[in-house]
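Coordinates in review
Residues per chain, in single letters:
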Amino acid sequence: MPNAKTNLVIVESPSKAKTIGKYLGPGFTVKASMGHLRDLPKSTMGIDIENDFEPEYLPLKGKEDVISDLKKTAAKAENVYLATDPDREGEAISWHLKYLLGIPDDKTYRVTFNEITKDVVQTAIRQPRPIDQDLVDAQQARRVLDRIVGYEISPVLWKKVRRGLSAGRVQSVATRMVDDRDREIEAFQPQEYWSLDVKLSRIGKSGSFTAHYYGDPKKRELKNEAEVQGILQELADGQFSVASVKNSTKQYKPAPPFTTSTLQQDAFRKLGMSTRRTMMIAQQLYEGVELADEGSVGLITYMRTDSLRISEQALAAAGGLIKSRYGAQFYDGWRQYKPKSGAQDAHEAIRPSNVLLTPEMVEKDLTKEQYRLYKLIWDRFVASQMTNAVDDVTAIEAVCGSHVFHATHQSRRFSGYTAVYEEGRDEEQEKMDSALPELTEGEKLMPEGYQPQQHFTQPPAHYTEATLVRALEEQGIGRPSTYAPTVSTIMDRNYVKKDGKALLITNLGRAVTKWMKNYFADIEDLKFTANMERDLDSIEEGKVPWKKIIRDFYGSFEQNVSIAEQSEREKIEPTVSDEICPLCGKHLVEREGRFGQFLGCSGFPDCTFTMPMVEVMPGRCPKCGGRLMKRTGTSKRTNKQYVFYCCENTNNRDENAKCDFMTWDVPTEHDCQLCGQTMFKRAGKGAMKPFCINPACSNFLPEEKRGYHRKAASPDQTAETDLEAEVSTESEKKTKASKTAPVKKPAAKKTTGKKPAVKKATAKKPATGKNAVRKPSARTSPVRKSAEQKKETE
């Protein structure tokens, strides 16, 4: 370790600073830059096109205190170690820090940590290096390229499509991929095909099984019912027999440890985490988490990587753990995996920093999300070093004349790596046949019945976050650090929306994609974007000057911008919903306003009816049997949005509405086994057990037992709460007091400025006794005011 009185180490975040500071001791001061401190300006492009694309970097607003503190500390320090993340962006942050803080070359050292452990941190400090200018230039090229595309295309998009839109080099391609997939689904024409199964039983012995038609004898696709009926006629008088019985074993290899892409995919499939959430939690695990016995500890290696390499120390530790925890039969030596072609391979794969810290050991110190993600990473890494899983496979071929039927059964002989982990899948796996009887070749079989079945080919599935990330990686679009921001951006811009897990193109996204294809075909081209990523890799390798890449791109791009400015305005077709306008009977369409999306009548401007966006939920209204809807409202007291659920016939603006059912609880697809009504579950993250809300049912779960955290109402809420006590949470029964006693007017609120004189209202004590108006708890159903209450409030 350097023998110095003062050494400054600069990292990006306080949690990372805390973890590293623990390993370096008193001779070091570790401070956080809180991310970027210098960047291109927000209000202008910040790139001098005429001066060979020279970028203009400025200190970020709001970071003055951080910059001042770091400058003072750096000036006093004997050495400054820039320990930002080990990727292009981290290298660029270190480069900006050196310039901004005015650190001389002879006291500037660059250090990187693939994992934040004591040995790795201390070794890195002993072996610093200079800032890698090639890495910095690759990041500069990406930043400048994206700034030019965004700042020159976006203003034209505002004029030709809609105000407030933006275009990006990678996000535009990702949007196009979703659009192309949705168009493929829309244009899909299902093709009819048939399957034919036969149930065969042994003659004079017990045992039967189902076999599936294969061909005659070559494989044959059954296209229609006529072909099936022809085969059934030929089988009518035939004799089935066993043509062959084959017993074999099949081995399954474990998946390699996680890369950024595969981590995002599996976290989405298994944990339901978005790509953005996955990377945020992974960053926390990398930078350090407080453990009760050890303080702040970095639990995983760097999480932005496309490498599958594993250090020898980690491999040895994994081998020892597997033999001691699972047994020697689950381990037969190190496994190393080859990265995909085109991978940067700059870091190790994502793995636990210390595999001996099992998920159970750290669970008490982690949040639920941190634990689940750490367990997923730990399981995958350990499984990647375990032996293969082995299945016994029995394949039977039965024949009748020239027609061949197959039956196959698999059973697990040895679990191998599956004792710890199995990779999630996007596609449904084929169901295997049930156990087969012990058969011999030539044995006669009796057909008990045939089962012909019609099928239709299915269109490709919509993209999900997981499959879109996988497609981006396969096409070479983007890099590990860009997958999550790209997916998040296209959803934030409303180019793509989520329907359950599926990503669907919006009409806005389709209009933008069409316009971009017409005027910026190269940016929309998947190969062009992938080639640009390879050009950035060439800059990183020192093969190409970064400004040459920008010059080559800008010539044709500038011409396309000029042509696009002369184009006609692109029309955005509104999405037609299934909802009908109650005033004129026309369909409602999705529209965009100042406060987000809403439904408006397609007959506008003749009809001006509007309503909030509708999301149909599973189940039925327990009062009238109507559809259940998810709605949002805004609290008058806090101005925050909240979500509630109501019947489609509920209208809090209409005192004559057919139904008044509303609830905080989430409808489910399950029905109560006793009363048959829809069951609900408590709102919130995680799996919740459904319950019945029918008071007349013996399965009824009272509200106070549903697990909601209640807060006592504050005095200034009392008047408002009294007014809103008309409807209870689930039973929606109006209390006796609401029928017999008038609701008292709330005291006049104090306001500033001039106002007409009013008689000072005296606060009255709330009624008590059996006729008192019941005050609902903080988690009661949203309430619609009656016409009389509205009038009194006004």
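These notes cover the structure that comes with them. Sequence order as written defines residue numbering, which begins from 1 separately in each chain. Where local features are concerned, this predicted model is filtered to residues with pLDDT of at least 70; where side-chain atom pairs are given and counted, the filter is 80 or more; whole-chain, interface and lining totals use all residues. With hydrogens and water excluded, all non-hydrogen atoms of the structure serve as input to the side-chain values.

Bringing the overall build of the chain into the picture now. For the chain, the helix and strand inventory stands at 21 helices and 28 strands. Throughout this description, buried means an accessible area under 20% of the type-specific maximum (1.4 Å probe, protein chains only), exposed means over 50%, and partly exposed covers the range between. Counting over 794 residues, the chain shows a buried share of 47%. Residues count as neighbours in contact if any of their non-hydrogen atoms are within 4.5 Å of one another. Here the contacts in the chain between residues at least 6 apart in sequence split such that 68% fall between residues at least 24 apart. Roughly 42,300 Å² of accessible area belongs to the chain as shown, and the carbon and sulfur atoms make up 49% of that amount. Runs of H or I in DSSP of at least four residues are treated as helices and runs of E of at least two as strands, each being numbered from the N terminus. Only the protein chains shown count as cover for residues, and all accessible areas are computed by the Shrake-Rupley method using a 1.4 Å probe.

Moving on to the packing of aromatic side chains. Two rings from Phe, Tyr or Trp (for Trp, the six-membered ring) form a pair when their centres are within 6.5 Å of each other. A pair whose planes differ by under 30 degrees is stacked, one over 60 is edge-to-face, and the rest are tilted. The tally for this structure, following the rule as stated, stands at 20 aromatic pairs. Aromatic side chains Tyr 326 and Phe 330 sit 6.4 Å apart centroid to centroid with 55 degrees between the ring planes, which places their arrangement in the tilted category. On the basis of relative accessibility, which here comes to 11%, the residue Phe 330 falls in the buried class. By way of ring pairs, the aromatic residues Phe 53, Trp 515, Tyr 519, Phe 520, Phe 528, Phe 553, Tyr 554 and Phe 557 are connected into one cluster.

To continue, consider the state of the cysteines. We call a pair of cysteine sulfur atoms a disulfide when they lie within 2.5 Å. A full pass over the atoms with the stated rule returns 0 disulfides. Between Cys 581, a cysteine without a disulfide, and Cys 607, which holds the nearest cysteine sulfur, the sulfur-to-sulfur distance is 3.6 Å. The cysteine Cys 659 is free of any disulfide, with Cys 621 supplying the nearest cysteine sulfur at 3.7 Å.

A separate point is unusual backbone geometry. The omega torsion across Asp 216 and Pro 217 is -10 degrees, close enough to zero to call that bond cis. Its location among the elements puts Pro 217 in the loop between strand S10 (208–215) and helix H7 (225–235). One non-glycine residue with positive phi stands out, namely Asp 52, at about 55 degrees. If you trace the backbone, Asp 52 turns up in the loop between strand S4 (47–48) and strand S5 (54–55). Residue Asp 52 is classed as partly exposed on the basis of its relative accessible area of 30%. Backbone geometry places Phe 53, a non-glycine residue, at a positive phi of 60 degrees. Within the secondary structure, Phe 53 is located in the loop between S4 and S5.

Here the focus is the pattern of salt bridges. Any carboxyl oxygen of Asp or Glu that lies within 4 Å of a side-chain nitrogen of Lys or Arg is treated as forming a salt bridge with it. As enumerated under the stated definition, the model contains 48 salt bridges in all. Residue Lys 16 is joined to Asp 85 by a salt bridge in which the shortest nitrogen-to-oxygen separation is 2.9 Å. One end of the pair, Lys 16, is in helix H1 (residues 14–24); the other, Asp 85, is in the loop between strand S7 (79–82) and helix H3 (88–101), and 69 residues separate them in sequence. Considered together, Lys 16 and Asp 85 belong to a single accessibility category, that of buried residues. It is possible to trace a salt-bridge network through shared partners that takes in Glu 12, Lys 16, Asp 85 and Arg 304.

On the surface, Asp 48, Glu 50, Glu 56 and Glu 558 cluster together to form a negatively charged patch. Within the fold, Glu 558 resides in helix H18 (residues 546–565). Residue Glu 558 is classed as partly exposed on the basis of its relative accessible area, which comes to 41%. Patch building starts from residues that exceed 30% relative accessible area and form no salt bridge, then joins like charges within 9 Å and nonpolar side chains (Val, Leu, Ile, Met, Phe, Trp, Tyr) within 5 Å. Here Asp and Glu are counted as negative and Lys and Arg as positive; His is not counted, and neither are the chain ends. The atoms used to mark charge sites are NZ of Lys, CZ of Arg, CG of Asp and CD of Glu.

Every α-helix carries 3.6 residues per turn, so stepping three or four residues along brings you back to the same face. Within H7, burial applies to Val 228, Ile 231, Leu 232 and Leu 235. Buried residues along H7 cover an arc of 100 degrees about the axis, so they all sit on one side. Exposed and oriented more than 90 degrees from the buried face of H7 are Ala 226, Gln 233 and Glu 234. Close packing links the buried residues of H7 with strand S9 (192–202), S10, strand S11 (240–252), strand S14 (389–400), strand S15 (403–414) and strand S16 (444–456). Regarding H7, its N-cap is Asn 224, as a side-chain oxygen of that residue lies 3.2 Å from the backbone nitrogen of Ala 226 further along. Directions drawn from the helix axis to the C-beta atoms are what define this arc. Counted as a polar contact is a pair of N or O atoms within 3.5 Å, where, for protein atoms, one must be capable of donating a hydrogen and the other of accepting one, and residues adjacent in sequence contribute only when both atoms are in side chains.

Moving on, we come to the packing of helix H10 (residues 312–325) against helix H12 (residues 368–384). Think of each axis as a best-fit line through the C-alpha atoms, taken over the contacting stretch in the case of a helix, with angles from 0 to 180 degrees between the N-to-C directions. Running from N to C, H10 and H12 cross one another at 90 degrees; their axes reach a closest spacing of 9 Å. Put simply, H10 runs roughly perpendicular to H12. For the pair H10 and H12, the contacting residues are Ala 314, Ala 318, Leu 321, Ile 322 and Arg 325 in the first and Trp 378, Phe 381 and Val 382 in the second. Oblique is the label for any angle not covered by the other classes, which are roughly parallel (under 35 degrees), roughly antiparallel (over 145) and roughly perpendicular (65 to 115).

Below, the discussion takes up the sheet that holds S11. In short, DSSP must find at least two bridges between two strands for them to pair. Around the barrel, 6 strands lie side by side as S9-S10-S15-S14-S11-S16; this closed barrel has antiparallel pairing. With direction set aside, neighbouring strand axes in the sheet form an average angle of 35 degrees. Pairing of S9 with S10 involves 5 bridges; the strand directions are antiparallel. If you follow Leu 200 over to S10, its bridge partner there is Phe 209. In the packing of H7 onto the sheet, the strands contacted are S9, S10, S11, S14, S15 and S16, and the crossing angle to S9 comes to about 25 degrees.

Looking now at the nonpolar core. As a rule of thumb, soluble globular proteins bury nonpolar side chains together. Counting residues in each nonpolar core, the largest one holds 62 residues, and the members touching the most others are Val 9, Phe 113, Leu 299, Ile 300, Leu 373 and Tyr 374. Among the elements that make up this core, the one with the highest residue count is H12 (9 residues). As used here, the term nonpolar core means buried Ala, Val, Leu, Ile, Met, Phe, Trp, Tyr and Cys residues forming a set that is joined through side-chain atoms within 4.5 Å. Ranked by size, the runner-up nonpolar core spans 33 residues in total, among them Ile 47, Ala 138, Leu 536 and Phe 557.

Here Glu 91 lies in helix H3. With relative accessibility at 1%, the residue Glu 91 sits in the buried group. Within the structure, the side chain of Glu 91 is placed 2.8 Å from the backbone nitrogen of Asp 132, a separation counted as a polar contact. Once you skip the residues sitting within four places of it in the chain, Glu 91 turns out to touch Thr 84, Asp 85, Arg 110, Arg 129, Pro 130, Ile 131, Asp 132, Leu 135 and Val 136.

What follows deals with the pairing of S9. Sheet analysis places S9 next to S16, joined by 11 bridges and oriented antiparallel. Bridging from a neighbouring strand, Ser 201 pairs with Met 446 of S16.

Before going further, it helps to spend a moment on H10. Between the first and last residue of a helix there are one fewer steps than residues, each counted as 1.5 Å, and that sum is the expected span. For H10, with 14 residues, the first-to-last C-alpha span of 20 Å sits near the 20 Å given by 1.5 Å per residue. Buried within H10 we find Ala 314, Leu 315, Ala 318, Gly 319, Leu 321 and Ile 322. At the exit of H10 stands Gly 327, carrying a positive phi of roughly 115 degrees.

The next point concerns the packing of helix H6 (residues 169–187) against helix H17 (residues 526–540). In contact at an axis separation of 10 Å, H6 and H17 are set at 145 degrees when each is read in the N-to-C sense. Judged by the sense of rotation from one axis to the other, the crossing of H6 with H17 is left-handed. Of the residues in H17, those touching H6 at Arg 169, Val 170, Val 173, Arg 176 and Met 177 are Leu 526, Thr 529, Met 532, Glu 533 and Leu 536. Here the contact of H6 with H17 is composed, by residue class, of 6 nonpolar, 1 polar and 3 charged. Working rule for handedness: look at the near helix, and if it is turned counterclockwise from the far one by less than a right angle, call the crossing left-handed; if clockwise, right-handed. By the convention adopted, Pro, Cys, Tyr, Trp, Phe, Met, Ile, Leu, Val and Ala count as nonpolar, Lys, Arg, Asp and Glu as charged, and the other residues, Gly among them, as polar.

Once that is clear, we can look at the sheet that holds strand S26 (residues 662–663). Spatial ordering of the open sheet is given by S23-S24-S25-S26, a layout of 4 strands whose pairing is antiparallel. Each edge of the sheet is formed by a strand with only one pairing partner; in this case those strands are strand S23 (615–620) and S26. Sheet topology places strand S25 (residues 641–647) next to S26; 2 bridges connect them, and they run antiparallel. By the bridge assignment, Tyr 645 is partnered in S26 with Thr 663.

By themselves these figures say nothing about function.
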